[in-house]
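Tertiary structure, described
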Amino acid sequence: MTSINARIIARLMTGLVCLVSLGAQLGFDVDASEQHKLTLLSEGNELPLLNNRFRIDHDVDKITLLFFRRPGSPAVVLVRPDGSKLYAPHALNDEQLQWHDERGYDLIELRNPMPGPWQVVGQILHESRIMVLGDISLEVDTLPPLLFRGEIIKLTGRVLNDGEQVEVGHFHEVINLQVDFVSTNNNEFTNFGAGTEHVADFKDDGRGFDERPGDAIFTGEFRLDFAPGQWRPEIALTTPLIQRKVVQEPVVVKEPPLTYELIKGESGADHELVFRLDPELVKTESVLLQGRIFYPNNDEQAFSLPSSALAERRLKISNYERGRYEVEVEMFATNINGREFMANLPNHDFVITRPIEKAVKTSAAMSASIPSLRSGLPSVNTAAGVQDQLQSRTQGEGLENTFENALLVALGNLVILLFGGVLIRIFVLKKPLMSGANLLFWRKKQQSQLSASQANFDKNGSKSDKSGEILNLSMSDD
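Please read these numbers as outputs of a predicted model, since none were measured by experiment.

To continue, consider the overall build of the protein chain. The number of helices and strands found in the protein chain is five helices and 27 strands. Per-residue burial over the protein chain gives 33% buried out of 478 residues. Within the protein chain, contacts between residues at least 6 apart in sequence are counted, and of these 66% link residues at least 24 apart. For the protein chain, the exposed area adds up to about 29,800 Å²; of that, 53% sits on carbon and sulfur atoms.

Let us now look at the packing of aromatic side chains. A complete count under the given rule lists seven aromatic pairs for this structure. Aromatic pair Phe 181 and Phe 226: ring centres 5.4 Å apart, planes at 45 degrees, arrangement tilted. With Phe 181 in strand β14 (residues 176–183) and Phe 226 in the loop between β16 (217–223) and β17 (229–238), the pair connects residues that are 45 residues apart, well separated along the chain. Centroid distance Tyr 295 to Tyr 325: 5.8 Å. Interplanar angle 75 degrees. Geometry classified as edge-to-face. Remark: Tyr 325 occurs in strand β25 (residues 323–334) and Tyr 295 occurs in the loop between β22 (288–294) and β23 (300–305); sequence separation between them is 30 residues. Here Tyr 295 and Tyr 325 have matching classes, each one buried. Through a chain of ring-to-ring contacts, three or more aromatic side chains come together here, namely Phe 181, Phe 222, Phe 226 and Trp 231.

Taken as a whole and judged by the stated rule, the model has 16 salt bridges. The salt bridge partner of Glu 151 is Arg 339, with a shortest N-O separation of 2.6 Å. With Glu 151 in the loop between β11 (146–148) and β12 (152–161) and Arg 339 in the loop between β25 and β26 (340–344), this residue pair connects regions lying 188 residues apart in the sequence. A salt bridge links Glu 234 to Lys 245; the nearest nitrogen and oxygen atoms lie 3.6 Å apart. Residue Glu 234 is located in strand β17, and its partner Lys 245 is located in strand β18 (residues 243–247); the two are separated by 11 residues in the primary sequence. For Glu 234, a relative accessible area of 13% gives the class buried. Of the residues examined, Lys 245 reaches a relative accessible area of 54% and is grouped as exposed. A network of salt bridges, in which partner residues are shared, links Glu 261, Glu 272, Arg 276, Glu 312, Arg 314 and Lys 316.

Burial along strand β10 (residues 136–140) is one-sided: Ile 136, Leu 138 and Val 140 are buried, and none of Ser 137 and Glu 139, which face the opposite way, are. In this sheet, β12 lies alongside β10 in antiparallel orientation, the contact comprising five bridges. The residue bridging Val 140 from the neighbouring strand is Gly 157, located in β12.

Attention shifts here to the sheet that holds strand β4 (residues 77–79). The strand order across the open sheet formed by four strands is β2-β8-β4-β5, and the pairing between neighbours is antiparallel. If you trace the sheet from one side to the other, it starts and ends with β2 (53–56) and β5 (85–86), each paired once. Here β4 runs beside β5; their pairing, made up of two bridges, is antiparallel. Within β5, the residue paired with Leu 78 across the bridge is Leu 86.

Calculation criteria
Residues numbered from 1 in each chain as written. Predicted model: local features only at pLDDT ≥ 70, side-chain atom pairs only at ≥ 80, totals over all residues. Heavy atoms only, no water. Helix = DSSP H or I, 4+ residues; strand = E, 2+ residues; numbered from the N terminus. Buried < 20%, exposed > 50% of the residue type's maximum accessible area, 1.4 Å probe, protein only. Contact = heavy atoms within 4.5 Å. Areas by Shrake-Rupley, 256 points an atom, 1.4 Å probe, with all protein chains shown as cover. Phe/Tyr/Trp six-rings, centres within 6.5 Å; stacked < 30°, edge-to-face > 60°. Salt bridge = Lys/Arg side-chain N within 4 Å of Asp/Glu carboxyl O. Pairing = 2+ DSSP bridges.

Structural data, given as structure tokens:
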């Protein structure tokens, strides 16, 4: 078989595939056996390139082409059957052309294309094929009706092209799967008027929870980190030219099925955090709790509470010092519908403002020092009086300490300002420390010298030759 015959057969096959795809979209019936043969020849909606050429039939009204090229290379150039060329910038002024070029591919949509053989020019990958995008659809796992705030959801979505899974390795670079939760604005729930919460973006890149890259199956996880209430899940498939969206039935997100109660330790005893489970939402015997405790001194402690039929779980927390304590909790359980779930619950924190042990010792010392003047009163009144006196004395000591500290700070600042002013005057401005006294002494000395000079002038009638002046020795005309 010559190369010319091979080209003719390839073009005929390509044209037949385009016609079959168009007929399926327009609703025409195609014989199943013939369509199966064409599918085997063309591998679905993928057309192999023959010397970078392909053919568009005259009955095609719209076609979407996807070309994979070398990453970073320029956009491809399409050559019409009449020899004219189409470039990516032409899409700005041509309503019949939409062109989206990225780093490694070109996504092109042609309306009313010129029938005949076309050619593509560019650094197209050798294993690349022309992918004719037909009826793109999205299949997504249905979310359960009962969810909890903080729960981690694993979701899988599949992208289909004309009902078949896409198996082109570079196709994952074109599409993106995003997950949103839209409030139903039901005034019976707390999320009324909350709007839309964007929770995740999935990529078919084989990272994270995605099993294989480029298989058009998106697998990922996200955390329900928003307000409880009634929400409507919306999963959208976005490409530069094609958008698909799956809107599921509303789901209810509830608060985590447990509450906290803190019992503070006394006399240096450990604190105790009590977890109370809700048996109406979760099976208590299936609950496992684990997490970490963050102490005020930046220490961390991991903990784990095993499963039990009891609805209460208790956690010991060391009573280190005053400050902020924070507890991070993860739950593994089964809800009342029999679905297993995992949730990262909101952190629980509490603050110890004063050491419990020190306060107890001070109270005991004050009780022993107060005279027993009210021995006839009941013990309850005596204890109340001791507590009142302890509080009043503590407040008085606090006020005195505050006033003394403020006074010391003010005096210290005043001394620093005075000392700094003296140093600036002496070393920077070059002025004496006691400028007023020196100036008065200098003035008195100058006045005494002036008086003495005047007296000497009056006595001699002229200035003395000792003054250094030149005498007038000129003779008169007589």
